[in-house]
Amino acid sequence: MPYSEQQITSLHRWSDKTFSFTTTRPEGFEFRNGQFVTLGLRPEGKLIPRAYSIVSDPSSEELEFLSIHVPDGDLTSRLAHVEPGDSIWINNKVTGSLTVDYVQPGRHLYMLATGTGIAPFVSLVRSDEVFEHFERVILVHSVRTVEELAYREELEAKISDRFRYMPTVTREDHDFACPVAQQPFDNNQRGAELFRSGELFRALDLPPADPEQDRVMLCGNPAMNREMSQWLEEHGWVQTSYKGTGTYTVEQAFVTTMDDADD
């Protein structure tokens, strides 16, 4: 069987629409930071599967996932109400184009995420491998409300000269203290807009992104993925394909109910 029955071990609610959960790990289950797997529930005996990026580091004994709660979603409406000890089915095959193998090594790696699209990037920065390929890693996370900034405390604790974290909240007026510059700034623009306008680099005191030296990963709502991919292509970036490794990559196979079109 491609799926094995596992158990929910914990559930954490970040907001009224965003939650994470952990599960037992199937025997022999191997994955790379940034990959995803298909999992599901079996209400009334029929499997309802969806693809979820793995938040965990491969060294973890459990698997961790981040999800949005869509009230009428076939799977997420049920996942949001699971309890520790409940069963969940996890596929034994992992895949994904957000591993370090999908972009060339370089100076700076920019990870642009919206909503639950931050999941594979949290996994990546939990490992040392990504920092062996790049001088700096910059993670930009755009959401609608402050409560949806999943893993914010963990990411802020990691901030250093090697790692920058830029949260943006698009539907609330909040001033965020920039951990890098140590001064307040109003950060309510979409991350993709900050990248395209150059404001991101000015805020973090970094040189403008350069396709000759830097790399980009995208994961989020389809509109952001399309718009950023088009912009990058127009400005000299090359998307990774099956033929080789490029200067940017996007998780095209990532399929969930992307109602979290989190700006």
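Residues numbered from 1 in each chain as written. Predicted model: local features only at pLDDT ≥ 70, side-chain atom pairs only at ≥ 80, totals over all residues. Heavy atoms only, no water.

Draft legend 1. Fine view of the side chain of Arg25. Looking at the element boundaries, Arg25 is found in the loop between β2 (18-24) and β3 (36-41). Look at Arg25: it is buried, it has no salt bridge, and the nearest opposite charge is Glu30 at 4.1 Å. Of note is the side chain of Arg25, whose polar atom sits 2.8 Å from the backbone oxygen of Phe29. A polar contact is formed between the side chain of Arg25 and the backbone oxygen of Pro58, at a distance of 2.7 Å. Beyond its immediate sequence surroundings of up to four residues, Arg25 is in contact with Gln6, Glu30, Phe31, Pro58, Ser59, Ser60, Glu61, Glu62 and Leu63. (Helix = DSSP H or I, 4+ residues; strand = E, 2+ residues; numbered from the N terminus. Buried < 20%, exposed > 50% of the residue type's maximum accessible area, 1.4 Å probe, protein only. Lys, Arg positive; Asp, Glu negative; His and termini not counted. Salt bridge = Lys/Arg side-chain N within 4 Å of Asp/Glu carboxyl O. Polar contact = N/O pair within 3.5 Å; in protein donor to acceptor, adjacent residues only side chain to side chain. Contact = heavy atoms within 4.5 Å.)

Draft legend 2. Geometry of helix α7 (residues 222-234). Its 13 residues give α7 an end-to-end C-alpha distance of 18 Å, which sits within 8% of 18 Å, the value for a rise of 1.5 Å per residue. Within α7, the full set of buried residues consists of Met224, Asn225, Met228, Ser229 and Leu232. Summarising the axial view, the buried residues of α7 lie within an arc of 120°, below the 170-degree limit, and thus occupy one face. Exposed and facing more than 90 degrees away from the buried side of α7 are Arg226, Gln230 and Glu234. Those residues of α7 that are buried are in contact with β7 (106-114), α5 (191-197), β12 (215-219) and β13 (248-250). Where α7 starts, the residue carrying a side-chain oxygen 3.1 Å from the main-chain nitrogen of Ala223 turns out to be Asn221. (Expected span 1.5 Å × (residues − 1). Arc of directions from axis to C-beta.)

Draft legend 3. Region of interest: the sheet that holds strand β8 (residues 134-143). Read from one edge of the open sheet, five strands run β9-β8-β7-β12-β13, paired in parallel fashion. Every interior strand has two partners, whereas the edge strands, β9 (163-169) and β13, have only one. Put simply, the sheet's adjacent strands are angled 10° from each other on average, direction ignored. When β8 meets β9, the two strands line up parallel, connected through seven bridges. (Pairing = 2+ DSSP bridges. Axes fitted to C-alpha atoms, helices over the stretch in contact; angles between N-to-C directions.)

Draft legend 4. Quick peek at unusual backbone geometry. One non-glycine residue, Glu44, lies in positive phi territory at about 60°. If you trace the backbone, Glu44 turns up in the loop between β3 and β4 (48-53). If you check the backbone angles, Tyr151 has positive phi at about 70° while not being a glycine. Checked against the element boundaries, Tyr151 lands in the loop between β8 and α4 (152-158). A relative accessible area of 3% means that Tyr151 is categorised as buried.

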